[in-house]
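Each chain is listed here by its residues.
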Amino acid sequence: MGTKEAGCDCVKFQKSCLSAKFTKSALQRKYDGPNSWGKTYGEHKAFLEFSMEQYKDIQEFCKTLGIDFTASAMDVVSLHQMDSMNVPFIKIGSGDANNFPLLKQAAALQTPLVISTGMQTFETVDRIVQIMESANKRNFALMHCVSSYPTEPQNCELPRILWLKEKYPNIVIGYSGHEMGIEISTAAVLLGARIVERHFTLDRNQKGSDHKCSLEPLQMKNLVCGIKSLKHTLNSSTSLTITEIISLLDESADVRNALKCSTIEKIMMPCEMNCRDKLGKTLVAAKDLPKGHIISPADLCVKVSEPNGISAEYIDDVVGLQLTQSVSVDEPLFWDHMNNEM
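What comes next concerns the included structure. (Residues numbered from 1 in each chain as written. Predicted model: local features only at pLDDT ≥ 70, side-chain atom pairs only at ≥ 80, totals over all residues. Heavy atoms only, no water.)

Below, the discussion takes up empty space enclosed by the protein. The tally for this structure, following the rule as stated, stands at one cavity of 30 Å³ or more. Here the largest cavity is characterised by a volume of approximately 40 Å³. In this structure, the largest cavity is lined by His 144, Cys 145, Val 146, Glu 157, Arg 160, Lys 266, Ile 267, Met 269 and Glu 272. Residues of the lining of the largest cavity, tallied by class, amount to four nonpolar, one polar and four charged. (1 Å grid on protein atoms, 1.4 Å probe; cavity = no way out; pocket = protein on both sides within 12 Å on 5 of 7 lines; lining within 4 Å. Points joined across faces, edges and corners; volume = space filled by probe spheres on them. Nonpolar A, V, L, I, M, F, W, Y, C, P; charged D, E, K, R; others polar.)

It is worth spelling out helix α5 (residues 52-65) at this point. The terminal C-alpha atoms of α5, which comprises 14 residues, lie 20 Å apart, in line with the 20 Å expected from a rise of 1.5 Å per residue. Looking at α5, one finds that the buried residues are Met 52, Tyr 55, Ile 58, Gln 59 and Cys 62. Taken around the axis of α5, the buried residues stretch over an arc of 110°, which confines them to a single face. Structural note: α5 exposes Glu 53, Asp 57, Phe 61 and Thr 64 on the side pointing more than 90 degrees away from its buried face. Where α5 is buried, its residues touch β1 (10-15), β2 (68-73) and α6 (76-84). Once α5 ends, the next one or two residues include Gly 66, with phi positive near 80°. (Helix = DSSP H or I, 4+ residues; strand = E, 2+ residues; numbered from the N terminus. Expected span 1.5 Å × (residues − 1). Buried < 20%, exposed > 50% of the residue type's maximum accessible area, 1.4 Å probe, protein only. Arc of directions from axis to C-beta. Contact = heavy atoms within 4.5 Å.)

Within strand β5 (residues 140-145), six of the six residues are buried, leaving the element largely enclosed by the surrounding structure. Alternating positions in β5 separate into two faces, Phe 140, Leu 142 and His 144 on one and Ala 141, Met 143 and Cys 145 on the other, with burial throughout. Of the pairings in the sheet, the one linking strand β4 (residues 113-116) to β5 comprises four bridges and is parallel in character. Each residue of the ladder has a partner; that of Ser 116, found in β5, is Met 143. In this region the chain leaves β4, passes through helix α8 (residues 122-134) and returns to the parallel neighbour β5; the handedness of that crossover is right-handed. Strand direction decides the pairing type here: β5 and strand β6 (residues 172-177), joined by five bridges, are parallel. The residue bridging Cys 145 from the neighbouring strand is Ser 176, located in β6. After leaving β5, the chain enters helix α9 (residues 159-167) and then returns to the sheet as β6, a path that is right-handed. (Pairing = 2+ DSSP bridges. Right-handed = clockwise from strand over helix to strand, strands pointing away.)

Quick look at the structure:
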C-alpha cells in the first residue's frame, strides 16, 4: 500500500542542491554512524538525493496515479527548480523558516507556499508573515511543527495551533507532526489544523533516523480515514475545546500530554536543539571578505555550516557592520568577526 492507496492528497519529497544548502566544511564532516550512506555527510546526502530527471519521472508517475506531487525546497536553487515543475505548492521546511532571503524569493513566486515553523520563535514567525505581506503574497499557509524526531507527546504543544489561528486569522494553519502514532495528528485537526503532513515509510525498521517517526501504510490509511470522518464533527470554521478533544479521543494519555503547553508564546524548545545544531541555517560569506569590509547583503549566504555561526534570522543585524578580520568564502560568520560599535 502506498500513499495514494492510503488516501493521501499529495506526496512530498525534499529537494536539495547540496552546494547551495551546505558549506564545504559541512559536506566534508565525518559521518559514519549506523544511519550513514557515506563516509562524509556530503557522500551520505549525495547518495540519497534524487536528480531533477528522477523527480520529473516521479511527477509523471504521480500523475498516472492521480495524486499530487511536490517537494520541500531546501535552498534557493531548489526553490526555482521546483517552481519550474509547476507543482501545486512548495514547502519551506522549518530549517529555512528563518532564511529570509529564501523566503523573499519564495514570496515573489505565484506558486502557493506551505511554511513550517519548527525551531522558530514568535518573532521569527511574525517576520515570515511580514515578508509574505510585503510581497502581497496571500496563498501561503503556516504549519505548527516541533523539530524533534520523534517528538515526545509532552513536546508536541498542540495549543500552538490555537495561538497561530488567533494571531493570524486570515492564514491557513496546519500541522507537521513527527510524533509516534496518529492520535496526536487527529487532535491537531480537531484544534483547527487544515493541512496535515506526516512522514511515510514502508517499514519503520529501515535504516535511517526518520523511519521511526514515520507512518507505515496502514497507519497512514487510518489517519486519513479518521481525518475525513471528522467532517461530520467539524466545519471549516470550527475547532473543539481541549476538553472536548480529550473526551472524543477516549482520553488518550499521549493526547492529553500533547495538548499541554509549557509557555504562552512560541519559543525554540530544548528538544529541537539537536536538529537546530545539525541542520539550522547560518550566515556565511558569499565571497572572500577582507578585514575592514562593510558587510552588504550581497556578501552573505545562508547555509548549513560546520561549525554553526550567526543564526540566519540575524541577517539584517549583520548588514552594515565592519569586519575586524578577513573571512574566506563559505566560512561561517561570528559576532566577534565584526565591530558592533559602528
